[in-house]
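# A look at the structure
Single-letter residue listing:
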Amino acid sequence: MAKLLEFEGVSFIYHSLENETPALDNITFGMEREEFVAIVGPSGSGKTTILSLLAGLLEPSSGSIKIDGKPIKEMRGKASLMPQRDQLFEWRSIIRNVTLGLEITRTNTAENKEYALSLLKKYGLGEFIKKRPSELSGGMRQRAALIRTLVTSPEILLLDEPFSALDFQTRLNVCNDVYSIIKEEKKTAVFVTHDISEAISMADKIIILTERPANIKGIINIDLNKNLTPLERREEPNFAGYFKTIWDELEAHNDRRT
Amino acid sequence: MTEEHKKYLKKIKRHNLIVRISQFGILIAFFAIWELVAFLEWADPFIISSPSRIYKTTMDLYTTNMLFNHMGATLNETVISFLLSTFIGTFIAIVLWWSNMLKRISEPYLTVLNALPKIALGPLIIIWAGAGKQAIIIMALLISVIITIMSMLSAFVSTDKEKIQLMYSMNANKFQVLYKLVIPANIPTLISVLKINVGLSWVGTIMGEYLVSREGIGYLLVYGSQIFKLDLVMASTMLLCILASAMYFAVSLIEYLIKKLY
């Protein structure tokens, strides 16, 4: 069976007046449907570039990206981005924030609006549909941002360090929420993070990138109980082993630099 | 409501009352001292005028049907130039935001036009537009339109890049980014530009009236100073204060309505 997502020999170079900066070098990986893949790597290694390529915001300098066997250009909107901060529009109510993607694609039908409402209710935001984002807590805002990503029914969710702006306790709770929403809605997700523990607690597979220009240093399959929440997965006996493996890979990079 | 909350509200009310009484008190004291100084002739009332003389001059203007003619003429020119500069300025800012190439081409021209004292263009405007209402409106428009373009453009281009990226990732086109994000995100800037334009439009109109008019408050100011009728100059200045404040409050009302809508 064809993979849902195929990254085939993808390279990307940023151009500026002064120079050109290769960000990705010959990246190849694939993803199955409903898989949760985390990407970790040193700062500036091109993790966000991979998401931008998947969101169609950038085009690869070479190589190909396919979703469902079709070039990504033909599949615009099939991968939906959840940025680092929630980026909710303050002048819109929560329901109007969540249906923004539907408005843009002119698919704001009664049925789709009903779906948005059902998601908001299901994930504890039913009472807040007419509120402004500033009236919500950090965790609620992240949930609203994730629902905004879900309502357009994308094939792949692109999560760009979505918890980085949250305090640690909220972060752990939101992690649980986001994970359960993604699993319940049977979505495929690519998750970029600096936090190794977060990556292990949520992902089925972790891609470790080298320093820039990024290549794939290793892919680690995470074999933790999928029925547990991310917080519970942190208590699993082999969690520490995964952590050490990934840490060592990333440290090897730091050692070379020092 | 708890006793503590009642106390808190009472404290806030008292604070607000003191502020209002002080504001009103300063105004009353200013006019009272001014009147007293003129009445006791500590300063020559011919030079400094007085509130009672200003009142009398204003009533004279009213009884000769001149008051509303002059106020109406100036208000009309100011409102037209205010609306034109806001709409034209915002429209040009949108065009320049849309095309980075046009933005870059126009940058030096905008900088020079912004630095140029617009009064220097007065003689040219009078020759081109004629010594009438049009010249005054063009003068007022020139004074506020450049600052409107620059303020709005600077706000448009500093719209959160991540939000723009988010919209493009949702397959938005540039027009959707403009009206769903860039314009609503910059409503606060638009409101502050409106407030700045109130002041600039009055400056432009009065300046224009100094140069060409046969009616209006600017005309009264020039006429009063030429014949050394300082009461008329002071009365005109007071009328100007009242009209400019009224327009500022009108803009504040618009701000309130927009904030309620958004």
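None of these values were measured; they are calculated from a predicted model. (Residues numbered from 1 in each chain as written. Chains lettered and ligands numbered in written order. Predicted model: local features only at pLDDT ≥ 70, side-chain atom pairs only at ≥ 80, totals over all residues. Heavy atoms only, no water.)

Contacts between chain A and chain B engage 22 residues on the former and 18 residues on the latter. Of the roughly 1900 Å² buried between chain A and chain B, counting both surfaces, carbon and sulfur atoms make up 57%. Contact with chain B buries area across many residues of chain A, yet Gln87, Trp91 and Ile104 of chain A alone supply 34% of it, more than any other trio. At the junction of chain A with chain B, the criterion picks out 3 salt bridges. The salt bridge partner of Asp160 of chain B is Arg85 of chain A, with a shortest N-O separation of 3.5 Å. Linking chain A with chain B are 4 residue pairs in polar contact (both at pLDDT 80 or more), by the criterion used here. Of all elements in the fold, only strand 6 (79–82) and helix 3 (100–104) of chain A reach the threshold of two or more residues within the side of chain A that touches chain B. (Contact = heavy atoms within 4.5 Å. Buried area = accessible area lost by both parts, 1.4 Å probe. Salt bridge = Lys/Arg side-chain N within 4 Å of Asp/Glu carboxyl O. Polar contact = N/O pair within 3.5 Å; in protein donor to acceptor, adjacent residues only side chain to side chain. Helix = DSSP H or I, 4+ residues; strand = E, 2+ residues; numbered from the N terminus.)

Below, the discussion takes up the domain arrangement of chain A. Residues and elements named next belong to chain A. In terms of domains, chain A is made up of domain 1 (5–78 + 155–257) and domain 2 (89–153). Taking only C-alpha atoms into account, the centre of domain 1 sits 25 Å from that of domain 2. Facing the 15 residues of domain 1 at the interface are 12 residues of domain 2. Overall, the association of domain 1 and domain 2 removes approximately 1200 Å² of surface from exposure, summing both partners, and the carbon and sulfur fraction of that is 66%. By the criterion of area lost to domain 2, the three top residues of domain 1 are Leu157, Ile181 and Glu185, representing 41% of everything that side buries. In this structure, Glu185 and Lys122 form a salt bridge, with 3.1 Å as the shortest nitrogen-oxygen distance. For the side of domain 1 that touches domain 2, the element with the highest residue contribution is helix 6 (residues 168–184), accounting for 7 residues. (Domains from an automatic or database assignment.)

Let us now look at empty space enclosed by the protein. Residue and element names in this part refer to chain B. A full pass over the atoms with the stated rule returns 1 cavity of 30 Å³ or more. A volume near 30 Å³ is recorded for the largest cavity. Around the largest cavity, the lining residues are Gly122, Ile125, Ile126, Ala135, Ile136, Met139, Gly208, Leu211 and Val212. When the residues that make up the lining of the largest cavity are grouped by side-chain class, the tally is 7 nonpolar, 2 polar and no charged. (1 Å grid on protein atoms, 1.4 Å probe; cavity = no way out; pocket = protein on both sides within 12 Å on 5 of 7 lines; lining within 4 Å. Points joined across faces, edges and corners; volume = space filled by probe spheres on them. Nonpolar A, V, L, I, M, F, W, Y, C, P; charged D, E, K, R; others polar.)

Before going further, it helps to spend a moment on the packing of aromatic side chains. Taken as a whole and judged by the stated rule, the model has 15 aromatic pairs over all chains. Each ring, one from Trp97 of chain B and one from Trp98 of chain B, has its centre 6.2 Å from the other, and the planes form 75°; the classification is edge-to-face. Residue class for Trp97 of chain B comes out buried when judged on its relative accessible area of 11%. The structure contains a cluster of three or more aromatic residues connected by ring pairs, namely Phe36, Phe163, Tyr179 and Phe191 of chain A. The ring of Trp97 of chain B has Lys174 of chain B sitting right over it, with the charged end atom 5.3 Å from the ring centre. (Phe/Tyr/Trp six-rings, centres within 6.5 Å; stacked < 30°, edge-to-face > 60°. Buried < 20%, exposed > 50% of the residue type's maximum accessible area, 1.4 Å probe, protein only. Lys NZ or Arg CZ within 6 Å of the ring centre and 35° of its normal.)

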